[in-house]
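Structure assessment
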Amino acid sequence: MPIKVVIAGATGMLGQHLFRVFSGNPVYDVYAISRTGAHIPADRHIQLDMTDTAQLKKSMLALKPEIVIYAAAQVNVDLCEKDKDYAYALHVTAAKVLSELPSVKSFVYISSDAVFDGQRGNYVEKDSCNPLNYYATTKMLAEQELLKRSTDIYVIRVNIYGFHATPGNSLFEWAWNAFDKGEKITGFDNVYFNPLYVGTLARLVLKLLEKKVKKGVYHFGTSDTLSKYDFLLSIANAFNFDRSLLQKTELDQSKFKAPRPLNTTLCTNKIVAAGIRMPAFEEGMAELVNDFKKKFANEYNL
Ligand SMILES: NC(=O)C1=CN([C@@H]2O[C@H](COP(=O)(O)OP(=O)(O)OC[C@H]3O[C@@H](n4cnc5c(N)ncnc54)[C@H](OP(=O)(O)O)[C@@H]3O)[C@@H](O)[C@H]2O)C=CC1
Ligand SMILES: Cc1cn([C@H]2C[C@H](O)[C@@H](COP(=O)(O)OP(=O)(O)O[C@H]3O[C@@H](C)C(=O)[C@@H](O)[C@H]3O)O2)c(=O)[nH]c1=O
């Protein structure tokens, strides 16, 4: 019998890849939860606003998933600062409800590098969290809630990049669109991270479950570190945009509502020791370029 998997947030930038990767493996019988169902076959989609926990519980008690992968979120950090109840309901309460289902044996929660305050970088799993904004606070609270359970809980702290199936506003999409229109943008030269391409992360999540890695918290990320300016520059280079459209700036010049951390690079020794290799940044970027060209070749004349 195939193993029933539910992907919460399967229409998202990461979720679309999780849905594709798990659906492509006959071991799994995959279902998606989202509000819109964009690009998900109708017979695989469970349309839900997960902040309606009564409805969520009812439909999942009927479906009985064995594995839940939680990639749903409100990733607009400033919006989370404005609507704290919604952020808490989506990031903490809904995840907790799913983790408590009697059928669930393994639960993967996609957390964030933002749980750290960014004062130091190269964080290991045991370092203390000190979130600077409410988005990150809810990710930390969710981790704490979930880790109380005796089920196999995997918390993956990571930063990600990619693009949506229906064009959205990820960092990559924002920069690509600006460069394409010939607009100038500024890149933070003092903010450091080691982000994974979403296509890569989806495969690594499958590997994590298949290798039966010990439950707990894991840091995922590229083996090298870059600034957000370097990241934006690599987009300009990869797509042959005019590099002079990108200028350097520092984080304190930005006008965010919610404070952001400076250096959230994650040390990945623990997951590498468990036998899962983390790629170099250029490997993921090459995959993104390939995926982007395949998807948008005609639309953008690539
Ligand atoms: N993007 C980033 O820079 C980073 C993201 N992360 C984490 O990675 C994970 C994936 O993020 P990403 O793919 O960028 O997110 P997206 O915003 O691309 O996708 C979010 C997903 O959640 C679903 N969703 C949102 N609200 C609800 C709701 N109320 N009820 C049901 N479904 C909902 C959306 O579906 P729909 O709109 O169809 O309902 C969508 O499928 C998240 O856990 C995030 O915290 C970590 C670090 C960085
Ligand atoms: C990085 C960057 C962003 N910006 C602007 C445009 C961009 O859309 C906006 C937000 O940028 P970012 O997406 O990098 O910033 P931010 O919203 O802080 O990204 C975060 O997202 C959440 C979901 C996480 O989990 C975190 O780890 C974190 O990476 O700020 C610049 O103008 N220059 C820059 O160098």
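Looking at an unreviewed UniProt entry, one finds the protein chain named dTDP-4-dehydrorhamnose reductase, with Chitinophaga filiformis as its source organism. In its Function (unreviewed entry) section, the UniProt entry covering the protein chain states "Catalyzes the reduction of dTDP-6-deoxy-L-lyxo-4-hexulose to yield dTDP-L-rhamnose." Heading Pathway (unreviewed entry) of the UniProt record for the protein chain holds this comment: "Carbohydrate biosynthesis; dTDP-L-rhamnose biosynthesis."

We now examine the UniProt feature "domain: RmlD-like substrate binding" (unreviewed entry) in the protein chain. What UniProt calls "domain: RmlD-like substrate binding" (unreviewed entry) maps, in this numbering, to residues 4–292. Overall, residues 4–292 shows 37% helix and 17% strand. The separation of its end C-alpha atoms is 30 Å.

Two side chains carrying opposite charge are able to pair once their charged atoms lie near each other. Enumeration over the complete set of coordinates arrives at 10 salt bridges. Aspartate 78 serves as the salt-bridge partner of arginine 260, at 2.9 Å between the closest nitrogen and oxygen. Here arginine 260, found in the loop between strand E13 (246–249) and helix H9 (269–273), pairs with aspartate 78, found in helix H3 (residues 77–82); they are 182 residues apart in sequence, far enough to count as distant. The partner of glutamate 143 in a salt bridge is arginine 157, and the shortest N-O contact between them spans 2.8 Å. Of the two residues, glutamate 143 is situated in helix H5 (residues 134–146) and arginine 157 in strand E6 (residues 152–157); the sequence distance between them amounts to 14 residues. Under the relative-accessibility criterion, arginine 157 is labelled buried at 4%.

Take the environment of aspartate 189 next. The topology assignment puts aspartate 189 in the loop between strand E8 (185–188) and strand E9 (192–193). Between the C-alpha atoms of aspartate 189 and tyrosine 134, which are 55 residues apart in sequence, the distance is 24 Å. Not counting residues within four places of it along the chain, the set of residues in contact with aspartate 189 comprises Ser227, Tyr229, Lys248 and Thr249.

We now examine the side chain of aspartate 291. Positionally, aspartate 291 belongs in helix H10 (residues 281–300). The side chain of aspartate 291 is buried and forms no salt bridge, while lysine 294, the nearest opposite charge, is found at 4.3 Å. When sequence neighbours within four positions are dropped, the list of residues in contact with aspartate 291 reads His17, Phe163 and Tyr197.

Let us look at the nonpolar core. Counting residues in hydrophobic clusters, the biggest one holds 63 residues, and the most contacted among them are Phe22, Ile69, Phe220, Ile235 and Leu288. A total of 8 residues in this core trace back to one element, the largest contributor, which is helix H7 (residues 198–210). For leucine 288, the contacting residues outside a window of four places in its chain are Tyr161, Gly162, Phe163, Phe172, Tyr197 and Phe239. Core analysis: the second largest hydrophobic core is formed by 28 residues, Ala8, Leu48, Phe107 and Val217 among them.

Let us now look at H7. Given a rise of 1.5 Å per residue, 13 residues ought to cover 18 Å, and the 19 Å separating the end C-alpha atoms of H7 matches this to within 8%. With 10 of its 13 residues buried, H7 lies for the most part within the structure. Backbone geometry just downstream of H7 places lysine 212 in the positive-phi region, at approximately 50°.

Rules of the game
Residues numbered from 1 in each chain as written. Chains lettered and ligands numbered in written order. Predicted model: local features only at pLDDT ≥ 70, side-chain atom pairs only at ≥ 80, totals over all residues. Heavy atoms only, no water. UniProt positions renumbered as here; feature names shortened; annotations may be inferred. Helix = DSSP H or I, 4+ residues; strand = E, 2+ residues; numbered from the N terminus. Salt bridge = Lys/Arg side-chain N within 4 Å of Asp/Glu carboxyl O. Buried < 20%, exposed > 50% of the residue type's maximum accessible area, 1.4 Å probe, protein only. Contact = heavy atoms within 4.5 Å. Lys, Arg positive; Asp, Glu negative; His and termini not counted. Core = buried A, V, L, I, M, F, W, Y, C linked by side-chain atoms within 4.5 Å. Expected span 1.5 Å × (residues − 1).

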